[in-house]
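Summary of structural features
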Amino acid sequence: MESVKMVKDLQNYIERSSMAKAQQKVAQYGALKSQINPHFLANVLESIQMKAIINGQREIGEMVGIVGRLFRIHIQTGKITVTLRKELEHVRLYVKIQ
């Protein structure tokens, strides 16, 4: 009987250990995700757009600008109800980039 208890205890330990590792990975992912500032990325896209236009790469600049606008729309509407006008703008920009 003692060996059955040891096996059960070992299984419980392994299960708790696995759960703790999974929770740790989720926490690490959340911490990394929160470090990326969406507004910083949007500003970087605008900088790339301007650099492309200054260097005569207007088409590339326009595409990067559209991606930046799509990104800004996405980060602004993540927590609110989106109007039909905003959703149509989003679709138009997406189609334009394709």
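What comes next is a walk through the structure. Going along each chain's sequence as written, the residues are numbered from 1 onward. The model is predicted, so local features are restricted to residues of pLDDT at least 70 and side-chain atom pairs to those at 80 or more, both for listing and for counting; the totals for chains, interfaces and linings are taken over all residues. To get the side-chain values, take all heavy atoms of the structure and skip hydrogens and water.

One turn of the α-helix equals 3.6 residues, which is why residues spaced by three or four share an orientation. Strands are runs of DSSP state E lasting at least two residues, helices are runs of H or I lasting at least four, and both sets are numbered from the N terminus onward. Each residue after the first adds 1.5 Å to the expected span of a helix. With 17 residues, helix α2 (residues 38–54) should cover 24 Å at 1.5 Å per step; its first-to-last C-alpha distance of 25 Å lies within 8% of that length. Where α2 is concerned, the buried positions are Ala42, Gln49 and Ala52. Buried residues in α2, looked at end-on, bunch into an arc of 80°, giving them a common side. Looking at α2, the residues exposed on the side facing more than 90 degrees away from the buried face are Phe40, Lys51 and Ile54. Should any heavy atoms of two residues lie within 4.5 Å, those residues are considered in contact. Tucked into the core, α2 has its buried residues touching α3 (58–76). At the exit of α2 stands Gly56, carrying a positive phi of roughly 80°. Exposure classes here rest on a 1.4 Å probe applied to the protein chains alone. A residue is buried below 20% of its type maximum, exposed above 50%, and partly exposed in between. Our arc is simply the arc of the directions from the helix axis toward the C-beta atoms.

Interaxial angle, 0 to 180 degrees, is taken between N-to-C directions of lines fitted to C-alpha atoms, where a helix line uses only the stretch in contact. Where α3 contacts helix α4 (residues 84–97), the two axes come as close as 10 Å, and the packing angle between them is 150°. Judged by the inter-axis angle, α3 sits roughly antiparallel to α4. Taken as a pair, α3 and α4 cross one another with a handedness that is left-handed. Facing Met63, Ile66, Val67, Arg69, Leu70 and Ile73 of α3, the residues of α4 in contact are Glu89, His90, Leu93, Tyr94, Lys96 and Ile97. Working rule for angles: under 35 degrees goes down as roughly parallel, over 145 as roughly antiparallel, 65 to 115 as roughly perpendicular, anything else as oblique. Should the near helix be turned counterclockwise from the far one by less than a right angle, the crossing is left-handed, whereas a clockwise turn marks it as right-handed.

On to the environment of Ser18, then. Looking at where Ser18 falls in the secondary structure, it is placed in helix α1 (residues 2–35). Judged by relative accessible area, Ser18 falls into the partly exposed class, the value being 44%. As a C-alpha pair, Ser18 and Lys51 span 33 residues in sequence and 48 Å in three-dimensional space.

Now for a nonpolar patch on the surface. Like charges are joined within 9 Å and nonpolar side chains (Val, Leu, Ile, Met, Phe, Trp, Tyr) within 5 Å, but only among residues with over 30% relative accessible area and no salt bridge; these make up the patches. The Shrake-Rupley method, run with a 1.4 Å probe sphere, supplies the accessible areas, and residue values consider only the shown protein chains as cover. By salt bridge we mean one thing: a side-chain nitrogen of Lys or Arg within 4 Å of a carboxyl oxygen of Asp or Glu. A surface patch of nonpolar side chains, amounting to about 440 Å² of accessible area, comprises Ile36, Phe40, Leu41, Val44 and Ile48. For Ile48, the position within the fold is in helix α2. A residue is classified by how much of its surface remains accessible, and Ile48, at 43% relative accessible area, is partly exposed.

On to the nonpolar core, then. Here the nonpolar core consists of buried residues drawn from Ala, Val, Leu, Ile, Met, Phe, Trp, Tyr and Cys, with membership extended through side-chain atoms lying within 4.5 Å. Grouped together as the largest cluster of nonpolar side chains are five residues: Ile66, Leu70, Ile73, Leu93 and Ile97. The set of elements that each furnish at least two residues to this core consists of α3 and α4. Sequence-distant contacts of Leu93, that is, excluding residues within four places in its chain, are made with Ile66, Arg69, Leu70 and Ile73.

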